[in-house]
Amino acid sequence: MELVIRKMKKSDILAINQGFIRQEWEARTEILENYLREQEKGKRQVLVAELDNQVAGYLTIVSKSKQGPFKDLYPEIVDFNVFERFQRKSIGQKLIKRAAYEVSFSTDILTIGVGLHSGYGAAQRLYIKNGYVPDGSGIWYENRQLQRGESCLNNDDLVLYFSKKLV
């Protein structure tokens, strides 16, 4: 099996949408088109993992985090997906390592936020295994730091932020 990690191209939009549809998620055409435009303008990097000529997943990197404890400070991995049928093949690990390599030319810190519900369990383990550590600011909900005793929903907006010091 040959894994290639490369920058996103226009034809990936259809392939990524098909990957989402196969796992019964909604297509994200508008979001993906925006990612491609931002990549062309140098505002975002989009790394696509291709296994045996099939898109297996992708991640994006913004040059400065737009929210959370690292807002406007460091690059952040945003929107990281490996399609279910390609999971457990080290693709996520290779994507995250490539992301660190890509930003290492301009910074020594890479950040990421991860949801806390069980749907993010594999991602949580991946980040910790790859040297990402919680930043210590606690849990964030709906883009703001959750205060002690405050209520929230355990949904995609409940996030813990991690960072990694790059070597």
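Structural notes, computed from the coordinates. Since we're looking at a predicted model, the values are computed, not measured.

1. Side note on the packing of helix α1 (residues 12-22) against helix α2 (residues 29-40)
Part 1: For the pair α1 and α2, the least separation of the axes is 10 Å and the interaxial angle reads 140°. Where α1 crosses over α2, the two elements pack in a sense that is right-handed. Across from I13, I16 and N17 in α1, the residues of α2 making contact are T29, L32, E33 and L36.

2. So, the pairing of strand β6 (residues 133-141)
Part 1: Bridge count between β6 and strand β8 (residues 158-165): five bridges; the pairing is antiparallel. Paired with I139 across the strands is L160, a residue of β8.
Part 2: By the bridge criterion, two bridges tie β6 to strand β7 (residues 144-145) in an arrangement that is antiparallel. Residue pairing across strands places W140 opposite Q145, the latter belonging to β7.
Part 3: If you look at the hairpin formed by β6 and β7, you'll find two residues sitting between the two strands, and E142 has a positive phi there, around 50°.

3. With respect to the packing of aromatic side chains
Part 1: In this structure the tally under the stated criterion is nine aromatic pairs.
Part 2: When the ring of W140 is compared with that of Y161, the centres are 5.8 Å apart and the planes differ by 85°; the resulting orientation is edge-to-face. With W140 in strand β6 and Y161 in strand β8, this pair connects stretches of sequence that are 21 residues apart. By the burial criterion, W140 is buried, and Y161 matches it.
Part 3: Ring pairs connect the aromatic residues F20, W25, Y58 and F83, which therefore count as one cluster.

Parameters and conventions
Residues numbered from 1 in each chain as written. Predicted model: local features only at pLDDT ≥ 70, side-chain atom pairs only at ≥ 80, totals over all residues. Heavy atoms only, no water. Axes fitted to C-alpha atoms, helices over the stretch in contact; angles between N-to-C directions. Helix = DSSP H or I, 4+ residues; strand = E, 2+ residues; numbered from the N terminus. Left-handed = near helix turned anticlockwise from the far one by under 90°. Contact = heavy atoms within 4.5 Å. Pairing = 2+ DSSP bridges. Phe/Tyr/Trp six-rings, centres within 6.5 Å; stacked < 30°, edge-to-face > 60°. Buried < 20%, exposed > 50% of the residue type's maximum accessible area, 1.4 Å probe, protein only.

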